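# Observations on chain architecture
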Number of protein chains: 2
Amino acid sequence: MKITDLELIRFTYLSRHARDAEGHGHPGPEHEDTATLVHIATDEGVSGYAMGGSPTMLAPARQVLLGEDPLYRERIWQRLRQFQRLYGPPLHDRYIGAIDLALWDIAGKVAGLPVYKLIGAYRDRVPAYASTMCGDDIPGGLDCPAAYADFAEACVAQGYRAFKLHTWMAPLGPDPRHDVAACAAVRERVGPDIDLMLDCHHDYSRTEALYIGRALEELGYHWLEEPMNEHSMSAYVWLTAELDIPVVGPETAGGLFYNRAEWIVNHASDISRYDVNLGGLTPLIKCVHLCEAHGISMEVHGGGHGNLHALGAMSIPGEYYERGLLHPLYDFEAAQPWLASRVDDIDAEGCVTLPQAPGLGLDLDWDYIAAHRV
Amino acid sequence: MKITDLELIRFTYLSRHARDAEGHGHPGPEHEDTATLVHIATDEGVSGYAMGGSPTMLAPARQVLLGEDPLYRERIWQRLRQFQRLYGPPLHDRYIGAIDLALWDIAGKVAGLPVYKLIGAYRDRVPAYASTMCGDDIPGGLDCPAAYADFAEACVAQGYRAFKLHTWMAPLGPDPRHDVAACAAVRERVGPDIDLMLDCHHDYSRTEALYIGRALEELGYHWLEEPMNEHSMSAYVWLTAELDIPVVGPETAGGLFYNRAEWIVNHASDISRYDVNLGGLTPLIKCVHLCEAHGISMEVHGGGHGNLHALGAMSIPGEYYERGLLHPLYDFEAAQPWLASRVDDIDAEGCVTLPQAPGLGLDLDWDYIAAHRV
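Here the structure is a predicted model, which is why all the values come from computation and not from measurement. (Residues numbered from 1 in each chain as written. Chains lettered and ligands numbered in written order. Predicted model: local features only at pLDDT ≥ 70, side-chain atom pairs only at ≥ 80, totals over all residues.)

Our next topic: the packing of helix H6 (residues 176-190) of chain A against helix H7 (residues 206-218) of chain A. All names here are of chain A. It is the contact of H6 with H7, at a shortest axis distance of 10 Å, that shows an interaxial angle of 15 degrees. One finds that H6 runs roughly parallel with respect to H7. In this structure, H6 meets H7 at a crossing whose hand is right-handed. Contacts from Pro-176, Asp-179, Val-180 and Cys-183 of H6 reach H7 at Glu-208, Tyr-211, Ile-212, Ala-215 and Leu-216. (Axes fitted to C-alpha atoms, helices over the stretch in contact; angles between N-to-C directions. Helix = DSSP H or I, 4+ residues; strand = E, 2+ residues; numbered from the N terminus. Parallel < 35°, antiparallel > 145°, perpendicular 65-115°, else oblique. Left-handed = near helix turned anticlockwise from the far one by under 90°. Contact = placed C-beta atoms within 7 Å.)

This is the structure in structure tokens:
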């Protein structure tokens, strides 16, 4: 079996997702945006698909992929990683991640199995938490502590048993007291039985992070996420030693699972973190195994097909699927019109069920894509 | 898909494999022995097989397996591990390992893929080293340093590019000077281009182990294996700090991949070690990923189908397939008459080629088994 082509399928869609000055997402006016799908074709007619990729990756990635057997994921991944040393941006971890996911999609289709059963299944349903967009100044949005409480209450009514706040970023924040006020309002509203987490401004000082952490301990929060710049592992070693509340990370720090090993050895967080965007499902599985060997939990960052399949195959460690980002004025369910169905519908108990189609289970609406192809 | 039965298939064969007072294997007189095959049956007619298992495991393992989907390897493995806390001997790591391998065999057959392509292939051929039996006092056997040199020369002529000595155990050893003499004789005979390794008496003192390690450094040996009791990780921390030659381990120390994480964090060896007998292919893969995250090489201990598939899916770390144990007077190729073909024939370059049949590629001779079934 040989890979015959690597291409990008690009198409437009109407989006209501706007980005602020730091890149954080918020509801915004409807506008046309472009989505990208990686397509890996083979000489046996099986195709793999995954969202993501970039035109700049095509030349170096084709050099690795074309003519290669798509079932040689480990060899392909290692070659892409080696190429990355010299072709940094075109073979960014995110793009390698999309390629790796498309290869898993092929493997699942060849095997006739959903990817999590290919890895070795553990569960069919995963509890999800509602993960909010960042704070804003939109009336009816997430513009004050009470607005977070209202939204958390609505999410709990929808079935979620866990809720994570992303609070105010520049220029509306950061403000540790404002963050804590939002956290307190949510706890007061949903009561003690809902798991609550905070992901706040990522550049707080050590002092500010400790203040927030102590407040969350009082409020019985489940974890604290990336309150400081992750480039200082030392700051996280310090904070993790100070706090009882679990510190989760790293999320955005580079270095793939190799760096998670460093954080574990240095006790820089209580719970590790990974995401298919960090090079794909292949390294995500490696990070799960690393964490399990050390008795460290690992929370999967972000949603989508690859992350969900990883969660379906993980036992210890790994608790929640991150569903979102959500906002009272944003129709998350309708945000990806190129999908005939989402992969992560939640049920009345706040859980997401693993898809059973062979491969990743990306349910693409080919009529939509054809009609909007760039 | 459901597991409908877990059974053992036991059959006799004529063996020339004898065990000494410490359990080490040597050539011996022909005698009848019994082999055991684990068989996991499913309601879809697919069966998984692996060598190993014990009657005592059947009751607790059936409680976990029957009615379970065999593709839920991670869930099954974790449940077996949990059962093991209370059912130690019946669910020994070796028996769990055989069950796990049989589940991988099923998965490969369901997928129509050899197991290493299910995991994600890296290579189709793996270099092998000739791994000797322990020293003896058999004329024409491994009874003196020159005998090891003769045998190494014969192995190199057969294609092997690497050779590992197991030297004299009680009551013929241990003797550090005798071990070093054998190592020196082999190096002198095969020249500088063959990788040589030593696995010697496992209860040497620190002083003796250091003496041997220094001598192997002079002789340009590739690694030193388990010269001391592995229950003292501290002894290995000390030895690894003292020596330049890579210390490989742990091999027999318990604790699965969890303990390999401890050895890594404590710098107790230079190269880690795992084996499908330590709970199966599922934890072996976890150990590979653990080691890769830490930039530590990992050598697979022992041969056979499961270990070979792991090596086919491993990139960094993992260099050699261990082929043996071999002896000048022992017909290794004919030692498993229940196999229609061995999985690990070596080619003229000393490499083993991965099997391409779906599953583990265990090529059982069912006529033989039927004729000799107990």
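On to helix H8 (residues 233-242) of chain A. All names here are of chain A. Every buried residue of H8 is accounted for by Tyr-236, Leu-239 and Thr-240. Around the axis of H8, the buried residues are gathered within 100 degrees of arc, so they sit on the same side. Facing away from the buried surface of H8 by more than 90 degrees, the exposed residues are Ser-234 and Ala-241. Against the buried residues of H8 lie H7 and strand S8 (247-248). (Buried ≥ 20, exposed ≤ 12 C-beta atoms within 10 Å, placed from the backbone. Arc of directions from axis to C-beta.)

All names here are of chain A. Within the open sheet, the 3 strands sit side by side as S1-S2-S3. Their pairing is antiparallel. Of all the strands in the sheet, the pair left with one neighbour each is strand S1 (3-19) and strand S3 (47-51). Shown here is a sheet whose adjacent strand axes are inclined to one another by a mean of 15 degrees, direction ignored. Pairing of S1 with strand S2 (residues 25-42), which is carried by 15 bridges, proceeds in the antiparallel orientation. Of the residues in S2, the one forming a bridge with Glu-7 is His-39. Those strands touched by helix H1 (residues 58-65) are S1 and S2, and its axis lies near 140 degrees from that of S1. Sheet strands touched by helix H3 (residues 93-111): S2 and S3. Its angle to S3, the strand with the most contacts, is close to 140 degrees. (Pairing = 2+ DSSP bridges.)

Coordinates in, geometry out; function isn't part of it.
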